[in-house]
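# Understanding the architecture of this molecule
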Amino acid sequence: MRRSIPAFVFFLCVPLLVCLAVFTTQFKTDISAFVIAGDNAEEILLASEIQSGALSRRYILSVDAGGSQQVSAAFIQGWLKHLKSISGVVDVWTTDEKRGVLEALSSVYAKHGAQLYSRNPEQDLAEIFTETALLERAAGLKQALLSPQGQLIKKIAVQDPLLISLNGFKAFATQLQNQTSKHSQYANFILETQMSGMDVPAQLKIQQKIKDSFASATQLTGNNYQLDMTGVPLFAVATQTMIENDVKFISIFSSIALMLLFLFIFRSFRVLLWVFSLLITVMAVAVLVTNLVFGSVHGMTIAIGSTLIGICIDYPIHALVHAQGLQKAQRINVIKKIFPSLLMGALTTLIGYVALGLSGYPGFQQVAVYTGSGIIVSLLLTRYLFPRLMIGEAKNSKPSRFIVFWPKFCQRYRWGLLAGVGALSVVGAVQLDRLQWMQDLQQLTPELDYLKLTDKKIRERIISVEPGRFVLVSGETVEQTLQSAEQVYQRLDGIKKTGDLDDYFGLYPWLLSAQQQLANQQLLLNSLNEEQRESWGSALQAHGLSVRRLGELDYMQNEPLTLQQVLQSPVAKLISNQIVVAEQRTLLIIWLSEHKPEAIQSALADLQHVQYFSQRDMLNHMAIDYQHRAEITLLAGLALIILLLGLRYKSLVLTLQTLSPAFLAALMILALWAWTGEAISFLHLIGFLLAVAICVDYGIFYQENRSGHLTLTYQAMAASMLTSALVFGCLIFAQTSMLQTLAKVVSCGVILGFLLCPILIRPKEPDQNN
């Protein structure tokens, strides 16, 4: 009765722990947070903006009329109305919409014409204040007043008779006109939502309503249009859906497969209940610890961490194989006897996961904590609780024929097999110089290529901006950032003249720094002498315009236009995705059209707080950086494992013999990659380290053979190997390529390591162990 009390308490606590883990843990699925970590404040702030700012809340919708046709105005108006009625949608507008810009010209920019008319005031003023130029300007004013936009021009001219507030918008109008004429068959829209793009459940509903409204609108108008969409929310939904499917499938499939394997090996539902109750406890504690350390748990951590089952189940398996054939009183003693080997195996595995956490890969820091805490909990439960759960009668499990045959076969033909393994190792080592490294981190997610292609296609329709490439300007204040941006504009103008840049899109003409605005105004006022005022009056009279109403050039001092005023105006939606304002940092994005990256980088190299930003280049740099870190942590982890075993055995021969199955298995896998030409990444090295850490356990168990029964030891190793290979192998069915990589590396590694143990290790008698 006393022995059943711990079991009763344990089984009572299991559902409580699971409920605590489920209801107190914050789960995340944003794959960028798992893969990407910025190296500086600018990149970190930009990543934050992509996850929660205006950039994350916007969709780009592109309607293709097909052929040489145009999307009808009736369809555009009707669909816009439907889109704006969707719950959670803040605003929708066409990319060539002029209404907001025209309204802002009269309400905001007309009174700031003296401050925003130019980025090169000395040059432009010299061209404005000549008699000929003033006559031409008066003629242009008259023509504008008689145009369909006459009422708007009248409102502007009252405040800005020279219409200098429109100077900066000439280039903007040209860009807009060029783009409209270039892609006339497309109608493009920007849709902004209230929720962050990472709020996947809400964004999923909005995406479905967008598609439904488009289908209704095309059916109503009888048009055969095609809809394409892109934007951060679309990528977020796709990645979360993929990760959630992987987590559900892998968790369910691997659990069922593991249960069936366990029943096949031990043929006992009672044993199945003991072990899986222990493992559920381990996983719940691991989730709680990870959430406590990081504040959240990523879905990829759960997906990869589900392989924790295959590792943590090793310890109760060894306890079962060695203890279930004994009477109750002897079980605690035999588990106590084999525990030093379990502890040493756990330590070497933990070293592998610590190295994993130090690899620099953001998501694997969570995986390291998750699996590391799980291993510790599993080891302690196996030692102190599991023997008290084994309340059944003694039951011997007959080992399979292979378990009996293979060690004997290896010992009988040991020298021949050693020669064969040695030859394979030499051939493998020769192949290593053919290893190819993956230099593009985007290759790790080929399952998202269709979204990337759609994104590129849509952005080419809107404007000729190269996606993922821009100039990033930063500063401690908005003013400092704007001043730096003005230096960049000058450099980019120079590159345009050489033909290495087609065009760029900064914040001008929407905004200049206060310093530049005040300088513009002062230069304008200094240039406005009586002679020029009279010349302007004469020009007005020559074209029949009112000197009384338009002749007073009153460009007196006004406060500079501020970013806050612009963001409160109708043009806010046009620029809000180009500037990010945080408490201690401001970022300004200058979009680039087709260009030569080396020309941009060279021209901006000496400017502080300015960097040419390329998403692909950043990912490639990260891939190389992760590769170097993985190599260092791999070597450090292996060195630490060797040191630990050396202290344990106090013999270099025994240490190398124990490590040899793991090392040679890893060498053969590396040789296979080199022979097939498969490009390997830091992720392969991490899988390589995990395989080595697990295989070292097999070497320890086989070397020490603490129970004194080699067949039992190898039987326990076989059960451990099968569970590890099965669980990691289940990752091959994942949609996520990163999980598939780990599946191939680790599964092959543990199988090879298991098979090599009897060939490379001659086990010691138990009384020789320390």
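Predicted, not measured: the structure shown is a model, and the values here were computed from it.

### Topic: the packing of aromatic side chains
This structure, assessed with the given rule, holds 19 aromatic pairs. Ring centres of F75 and F214 lie 5.9 Å apart, and the angle between their planes is 90°; on these two criteria the pair is classed as edge-to-face. One end of the pair, F75, is in helix α5 (residues 73-84); the other, F214, is in helix α12 (residues 200-221), with 139 residues separating them in the sequence. When sorted by exposure, F75 lands in the same class as F214, which is buried. On the basis of an interplanar angle of 75° and a centroid distance of 5.3 Å, the ring pair of F169 and W510 is categorised as edge-to-face. Pair noted here: F169 is in helix α11 (residues 169-182) and W510 is in the loop between β9 (504-505) and α25 (514-527), with a separation of 341 residues, a long-range link. Note on accessibility: F169 and W510 belong to one class, buried. In this structure an aromatic cluster arises from ring pairing among F75, W79, F189, F214 and Y225. Against the face of F339 rests R383, its NZ or CZ located 5.7 Å from the ring centre.

### Let's talk about the pairing of strand β2 (residues 58-64)
Of all seven residues that make up β2, seven are buried, and the element is covered over most of its length. Judged from the seven bridges that link them, β2 and strand β4 (residues 186-193) form a sheet pairing that is antiparallel. Considered in β4, the bridge of Y59 is made with L191. With five bridges connecting them, β2 and strand β5 (residues 226-230) associate as antiparallel partners. Counterpart to L61 in the pairing with β5 is M229.

### Some words on helix α14 (residues 269-294)
Between its first and last C-alpha, α14 extends 37 Å over 26 residues, near the 38 Å set by a 1.5 Å rise per residue. Two residues or fewer after α14 comes G295, characterised by a positive phi angle close to 85°.

### Overview of the pairing of strand β11 (residues 586-593)
Within β11, seven of the eight residues are buried, leaving the element largely enclosed by the surrounding structure. Across two bridges, the pairing between β9 and β11 is antiparallel. In the sheet register, F505 faces β11, and the bridge partner there is W591. The pairing of strand β10 (residues 579-581) with β11 spans three bridges and is classified as antiparallel. Within β11, the residue paired with V581 across the bridge is T586. Two successive antiparallel strands, β10 and β11, enclose a turn made up of four residues.

### Observations regarding helix α8 (residues 121-128)
An α-helical turn contains 3.6 residues, so a residue and the one three or four places further along point in the same direction. What α8 keeps buried is the set P121, L125 and I128. Buried positions in α8, seen along its axis, are confined to an arc of 60° and lie on one side of it. Among the exposed residues of α8, those oriented more than 90 degrees off its buried face are E122, A126 and E127. Where α8 is buried, its residues contact α9 (131-145) and α25.

### A look at a negative patch on the surface
A contiguous patch of negative charge on the surface is contributed by E131, E530, E531 and E534. Top element by residues in the negative patch is helix α26 (residues 530-542). It accounts for three residues. As for its position among the elements, E531 is in helix α26.

### With respect to the sheet that holds β2
As summarised here, the arrangement of the four strands in space is β3-β4-β2-β5, forming an open sheet in which the pairing is antiparallel. Two strands close off the open sheet at either side, each with one partner strand: β3 (89-94) and β5. Averaged over all pairs of adjacent strands, the angle between their axes in this sheet comes to 20°, without regard to strand direction. The pairing of β3 with β4 spans five bridges and is classified as antiparallel.

### Points about the pattern of salt bridges
Considering all chains together, one arrives at eight salt bridges under this definition. Notably, a salt bridge pairs D493 with R119, separated by 2.8 Å at the nearest N-O pair. Of this pair, D493 sits in helix α24 (residues 478-498) while R119 is found in the loop between α7 (113-116) and α8, placing the two residues 374 residues apart along the sequence. You can call R119 buried: its relative accessible area is 16%. Close ionic contact of K596 with D500 constitutes a salt bridge, the shortest N to O distance being 3.5 Å. On the criterion of sequence distance, the pair formed by K596 in the loop between β11 and α30 (597-604) and D500 in the loop between α24 and β9 is long-range, its members being 96 residues apart. Each member of the salt-bridge network shares a partner with another, and the members are R57, R58 and E192.

### Observations regarding the packing of helix α22 (residues 414-431) against helix α32 (residues 652-676)
Packing of α22 against α32 brings their axes to within 8 Å, and their N-to-C directions diverge by 45°. When the axes of α22 and α32 are compared, the pair comes out oblique. As for how α22 packs across α32, the hand of that crossing is left-handed. Here R414, V421, L424, S425, G428, A429 and Q431 of α22 lie close against α32, whose contacting residues are Q657, L664, L667, M668, A671, A674 and W675.

### Observations regarding the side chain of T281
Topologically, T281 is positioned in helix α14. Owing to a relative accessible area of 7%, T281 belongs among the buried residues under this scheme. Not counting residues up to four positions away in its chain, the partners in contact with T281 are F10, V14, L17 and L381.

### Some details on the packing of α9 against α26
Between two packed helices, both the angle of their axes relative to each other and the distance between the axes serve to describe the pair. The N-to-C vectors of α9 and α26 enclose an angle of 45°; their axes lie 9 Å apart at closest approach. Between α9 and α26, the interaxial angle falls into the category oblique. The crossing of α9 and α26 is right-handed. Residues L134, L135, R137, A138 and L141 of α9 form the contact with α26, whose participating residues are Q532, S535, W536, A539, L540 and A542. Grouping the constituent residues of the contact of α9 with α26 by class yields eight nonpolar, two polar and one charged.

### Points about the nonpolar core
Residues F262, L320 and F386 are the most contacted members of the largest nonpolar core, which totals 117 residues. Setting aside anything within four residues of it in sequence, one finds L320 in contact with F262, F266, V271, W274, V275, F386 and M390. Core analysis: the second largest hydrophobic core is formed by 64 residues, A138, I153, L524 and I600 among them.

Here is what the cut-offs are and how they apply
Residues numbered from 1 in each chain as written. Predicted model: local features only at pLDDT ≥ 70, side-chain atom pairs only at ≥ 80, totals over all residues. Heavy atoms only, no water. Phe/Tyr/Trp six-rings, centres within 6.5 Å; stacked < 30°, edge-to-face > 60°. Helix = DSSP H or I, 4+ residues; strand = E, 2+ residues; numbered from the N terminus. Buried < 20%, exposed > 50% of the residue type's maximum accessible area, 1.4 Å probe, protein only. Lys NZ or Arg CZ within 6 Å of the ring centre and 35° of its normal. Pairing = 2+ DSSP bridges. Expected span 1.5 Å × (residues − 1). Arc of directions from axis to C-beta. Contact = heavy atoms within 4.5 Å. Patch = residues over 30% accessible without salt bridge, like charges linked within 9 Å, V, L, I, M, F, W, Y side chains within 5 Å. Areas by Shrake-Rupley, 256 points an atom, 1.4 Å probe, with all protein chains shown as cover. Salt bridge = Lys/Arg side-chain N within 4 Å of Asp/Glu carboxyl O. Lys, Arg positive; Asp, Glu negative; His and termini not counted. Charge placed at Lys NZ, Arg CZ, Asp CG, Glu CD. Axes fitted to C-alpha atoms, helices over the stretch in contact; angles between N-to-C directions. Parallel < 35°, antiparallel > 145°, perpendicular 65-115°, else oblique. Left-handed = near helix turned anticlockwise from the far one by under 90°. Nonpolar A, V, L, I, M, F, W, Y, C, P; charged D, E, K, R; others polar. Core = buried A, V, L, I, M, F, W, Y, C linked by side-chain atoms within 4.5 Å.

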